[in-house]
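Chain residues, written in single-letter form:
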Amino acid sequence: MSEGVEWALHSCLNLAWSSDGEGDGRAVSAARLAAWHELPAAYLNKQLQALARAGIVSSTPGPRGGFRLARPLDSISLMDVVAAVEGPDEAFRCAEIRQQGPGGGEEPPAADCAIAHAMGRAELAWRRALAAQTLDEIRQQAERQAPEAPERLRAWLAAAR
C-alpha cells in the first residue's frame with residue numbers, strides 16, 4: 001500500500017477535526033493540510049482529488065476554497081479510502097509463472113494456482129476487515145490517545161486565517 005493511503009486517512013481525520021462544531025466544517029486547502037504533517041502539497045493534493053472522485057471529500061475552488069468531508073466519518077470505511085487512493089484492483093496478481101521456464105508445461109494447468117488461491121483468501125479477509133472499520137472508530141481511538149489533537153489542529157488552522 002502506498003503512503004498516500006496513510007496521508008488520506010490522516011487528512012480525513014484532520015478535516016473532521018477542523019470543524020468548530022457548526023455545520024460541515026470549513027474548507028481546508030491541500031497546502032494547509034500538507035503543512036500540518038510537513039508533506040509535499042502537490043502529492044497530498046492527488047490523494048485528496050482521489051478522495052473527491054470517490055465522494056469522500058468535496059472540494060471548493062477559489063482562494064477560500066479547499067476540501068471538506070462529504071460524508072460523516074461513520075459512513076466512511078477504511079476500505080473506502082484504500083480503494084479511492086489505490087484503486088479497486090486486487091493487491092496480488094498471479095502472473096502464472098509456474099508456466100514459465102523449464103518447469104512450465106505445454107498445457108494449461110488442471111488446477112488453479114495454490115498460491116493465487118491462498119493470496120485471494122487473505123485479500124478477501126483483509127478487505128472485509130477494512131470495510132468493517134469506520135473512520136469514526138479511528139477518530140474515537142485517536143482522541144482517546146491524544147485528546148488535545150482536535151483543538152490543537154483547530155487553533156493552528158485558525159492562526160493561518
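Our subject is the structure that appears above.
Here we summarise the structure given alongside this text.

Cut-offs and rules
Residues numbered from 1 in each chain as written. Predicted model: local features only at pLDDT ≥ 70, side-chain atom pairs only at ≥ 80, totals over all residues. Heavy atoms only, no water. Helix = DSSP H or I, 4+ residues; strand = E, 2+ residues; numbered from the N terminus. Buried < 20%, exposed > 50% of the residue type's maximum accessible area, 1.4 Å probe, protein only. Contact = heavy atoms within 4.5 Å. Areas by Shrake-Rupley, 256 points an atom, 1.4 Å probe, with all protein chains shown as cover. Lys, Arg positive; Asp, Glu negative; His and termini not counted. Charge placed at Lys NZ, Arg CZ, Asp CG, Glu CD. Core = buried A, V, L, I, M, F, W, Y, C linked by side-chain atoms within 4.5 Å. Axes fitted to C-alpha atoms, helices over the stretch in contact; angles between N-to-C directions. Parallel < 35°, antiparallel > 145°, perpendicular 65-115°, else oblique. Nonpolar A, V, L, I, M, F, W, Y, C, P; charged D, E, K, R; others polar.

1. Considerations on the overall build of the protein
In terms of regular secondary structure, the protein is built from seven helices and two strands. Helices and strands appear in the protein in the N-to-C order α-α-α-β-β-α-α-α-α. Seen through its C-alpha atoms, the protein measures out along the principal axes to roughly 70 × 30 × 25 Å. Out of the 161 residues belonging to the protein, those deemed buried represent 32%. Within the protein, contacts between residues separated by at least 24 positions form 67% of all contacts whose residues are at least 6 apart in sequence. Accessible surface, the protein as shown: approximately 9800 Å² in total, 53% of it carbon and sulfur. Side chains of the protein give 17 positive and 21 negative charges; the mean places of these two sets differ by 7 Å.

2. Some words on unusual backbone geometry
In the Ramachandran plot, E38 falls in the positive-phi region, its phi being about 55° despite a non-glycine side chain. Mapping E38 onto the fold places it in the loop between helix 2 (30-36) and helix 3 (41-53). Judged by its relative accessible area of 74%, E38 is exposed. Positive phi, close to 55°, is recorded for E96, a residue that is not glycine.

3. Examining the nonpolar core
In globular proteins that are soluble, nonpolar side chains generally tend to be buried together. By size, the foremost hydrophobic cluster in this structure holds 32 residues, and its most contacted members are L51, I56 and V81. When contributions to this core are tallied by element, the ones reaching two or more residues are helix 1 (3-17), helix 2, helix 3, strand 2 (66-69), helix 4 (78-86), helix 6 (135-145) and helix 7 (149-159). Of the residues forming this core, the biggest block, seven residues, is contributed by helix 1.

4. Comments concerning the packing of helix 1 against helix 3
Contact pair helix 1 / helix 3: the axes reach a minimum separation of 9 Å and the direction vectors enclose 70°. If you check the angle between helix 1 and helix 3, you find them roughly perpendicular. Counting all contacts with helix 1, which are made through E3, G4, W7, A8, S11 and C12, the residues of helix 3 involved are Y43, L44, Q47, L48 and L51. Among the residues making up the contact of helix 1 with helix 3, the classes are represented as seven nonpolar, three polar and one charged.

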